[in-house]
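Analysis of the macromolecular model
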Amino acid sequence: MKRLNHLVACTALSLSALCLGPLYALASEQITINGSSTVYPYARAVAEVLAGQGKTIATPKVTSTGTGAGIEQFCSDNAKGPDIVNASRRMRTAELETCNRNGHEVVEFKIGYDAIVLAKNKQSEPLHLSRKDIYLALASKVLDDSGSNFYTTSPYFNWQDVNPALPAIPIQVFGPPLTSGTRDTFAEMVMLPGCVEQPYFKNLQQNKSRNLNTLCQAVRRDMTFIDLPEEEQTILGQMQSSKDIVGIMNYRIYQANTDALQALAIEGVLPEFANIESGAYPLTRPLYFYVKKERIQANPEITSYLAEFTSDSATGPNGYAVKLGLVPANAGERAASIKTSRELPLLKLP
């Protein structure tokens with residue numbers, strides 16, 4: 001009789017983990033996502049839509065830790081590490097090797113585009129900068145007039161010291177912390193190109209010197225450059241306190257605050273939607289997320305998340321993520337992402 005009662009109970013509660021055992025426990029496990037603060041709003045929107053459609057038992061848990069910290073957790077050997085990591089830069093070869101070494105099969109998705117924006121208080125004097133101007137203003141190591149020796153400390157305190165065509169206002173820049181993908185991208189897309197315009201560094205680049213990135217990407221620590229969390233209200237609060245502050249931020253934050261901020265033209269191009277979409281703006285960057293293939297096999301709900309994030313309703317030209325600030329990928333790239341969500345090819349990097 002007890003055996004019969006148990007079978008009846010299992011029939012009545014066919015969705016109970018008690019009846020279906022470990023298989024159901026795996027399938028119903030909450031999807032966990034961390035990483036980039038830039039990608040966070042889009043990932044969160046996808047999670048909420050998915051839960052609203054009833055395609056997940058629990059709303060996927062999305063947290064913002066920064067790209068670098070997120071990838072470190074994602075690739076670790078911790079069994080409780082996240083299923084998915086958001087990234088405002090591409091995963092590096094060394095990071096992928098760590099993932100693979102710890103038994104993770106990584107699949108890459110490009111979800112669209114963003115831009116690094118340098119902005120000021122809308123009431124302040126505008127700046128028209130080149131990447132070389134920015135590098136000279138912020139570099140920890142600056143060459144003297146001989147072009148072969150370094151100043152002990154930077155001689156640049158005003159923008160006019162860097163470039164006579166610029167106004168004589170103090171250099172004061174607020175930028176993202178070292179854990180941020182935006183900071184990594186700024187170093188790669190602004191500091192390095194501005195640096196190698198000088199023959200000394202160009203020679204290091206041609207000789208593939210290991211010192212190049214250290215010399216070119218390190219920023220000065222004399223309060224000219226100040227790390228600031230990538231939190232919208234913190235950034236805006238600081239920039240409202242001083243009209244001379246230049247803030248480094250993602251396009252979404254700038255776009256949401258155009259009433260208070262003015263974007264700075266970089267090499268004559270403004271970070272407008274059309275310029276980012278076309279790639280004309282020099283600080284345009286792709287955005288990514290990465291998923292562990294082995295987790296998809298354990299938790300089929302992740303498949304629904306991938307399908308929703310790569311759908312036109314989310315990341316197409318009129319998608320809800322685009323309305324939040326994402327610049328959409330082109331039709332070919334979106335089709336490739338949909339194909340990736342179905343075939344799940346493993347990431348390979350040089």
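Scroll up for the structure.
Right, let's walk through the structure included here.

**Section: the pairing of strand E1 (residues 32-35)**
Pairing between E1 and strand E2 (residues 61-62): two bridges, direction parallel. Paired with Ile33 across the strands is Val62, a residue of E2. Each parallel crossover has a hand, and for E1 linked through helix H4 (residues 40-52) to E2 it is right-handed.

**Quick word on empty space enclosed by the protein**
Considering all chains together, one arrives at two cavities of 30 Å³ or more under this definition. Of the volumes computed, that of the largest cavity is approximately 70 Å³. Forming the boundary of the largest cavity are Lys110, Ile111, Phe309, Thr310, Thr315, Ala329, Glu333, Arg334 and Ser337. Every element with two or more residues in the lining of the largest cavity is listed here: strand E4 (106-121) and helix H19 (331-343). In terms of residue count, H19 provides more of the lining of the largest cavity than any other element does, three residues in total. Among the residues forming the lining of the largest cavity, the class breakdown is three nonpolar, three polar and three charged. In this model, the second largest cavity occupies a volume close to 30 Å³. Tallied by class, residues from the lining of the second largest cavity come to six nonpolar, one polar and one charged.

**Concerning the nonpolar core**
Core analysis: the biggest nonpolar cluster contains 59 residues, and Leu118, Leu129, Leu138, Trp159, Phe186, Phe201 and Met249 have the highest contact counts within it. Counting 25 residues, the second largest nonpolar core, distinct from the first, contains Val39, Val62, Ile302 and Leu306.

**A few points about the state of the cysteines**
The full count for this structure, using the stated rule, is two disulfides. Shown here is the disulfide that connects Cys75 with Cys99, its sulfur atoms set 2.0 Å apart. Because the sign of the S-S torsion sets the handedness, a value of about -80° for the bond joining Cys75 and Cys99 places this disulfide among the left-handed ones. Residue Cys75 is located in helix H5 (residues 67-75), and its partner Cys99 is located in helix H6 (residues 93-101); the two are separated by 24 residues in the primary sequence. Overall, Cys75 belongs to the buried group, its relative accessible area being 2%. Covalent S-S linkage joins Cys195 and Cys216, the inter-sulfur distance amounting to 2.0 Å. Disulfide Cys195 to Cys216: torsion about the S-S bond roughly -55°, handedness left-handed. Here Cys195 is found in helix H9 (residues 181-195), whereas its partner Cys216 is found in helix H11 (residues 212-217), with 21 residues between them in sequence. Disulfide partners in the chain, listed by the sequence order of the bonded cysteines, are 1-2, 3-4.

**So, unusual backbone geometry**
Here Lys208, not a glycine, exhibits a phi torsion of approximately 55°, which is positive. Tracing the chain through its elements places Lys208 in the loop between helix H10 (199-206) and H11. What makes Lys208 exposed here is its relative accessible area of 73%. Even without glycine at this site, Met223 takes up a positive phi of about 75°. Along the chain, Met223 turns up in the loop between H11 and strand E7 (225-227).

**Section: the pairing of strand E3 (residues 84-87)**
The alternating pattern of E3 places Ile84 and Asn86 and Val85 and Ala87 on opposite faces, both of which are buried. Inspection of the sheet shows E1 paired to E3 by three bridges, in the parallel sense. The residue of E3 that forms the bridge with Ile33 is Ile84. Looking at chain direction, E3 and strand E11 (residues 284-292) are connected through four bridges and run antiparallel. Bridge pairing links Asn86 to Phe289 in E11.

Rules used in this analysis
- Residues numbered from 1 in each chain as written.
- Predicted model: local features only at pLDDT ≥ 70, side-chain atom pairs only at ≥ 80, totals over all residues.
- Heavy atoms only, no water.
- Pairing = 2+ DSSP bridges.
- Helix = DSSP H or I, 4+ residues; strand = E, 2+ residues; numbered from the N terminus.
- Right-handed = clockwise from strand over helix to strand, strands pointing away.
- 1 Å grid on protein atoms, 1.4 Å probe; cavity = no way out; pocket = protein on both sides within 12 Å on 5 of 7 lines; lining within 4 Å.
- Points joined across faces, edges and corners; volume = space filled by probe spheres on them.
- Nonpolar A, V, L, I, M, F, W, Y, C, P; charged D, E, K, R; others polar.
- Core = buried A, V, L, I, M, F, W, Y, C linked by side-chain atoms within 4.5 Å.
- Buried < 20%, exposed > 50% of the residue type's maximum accessible area, 1.4 Å probe, protein only.
- Disulfide = S-S within 2.5 Å.

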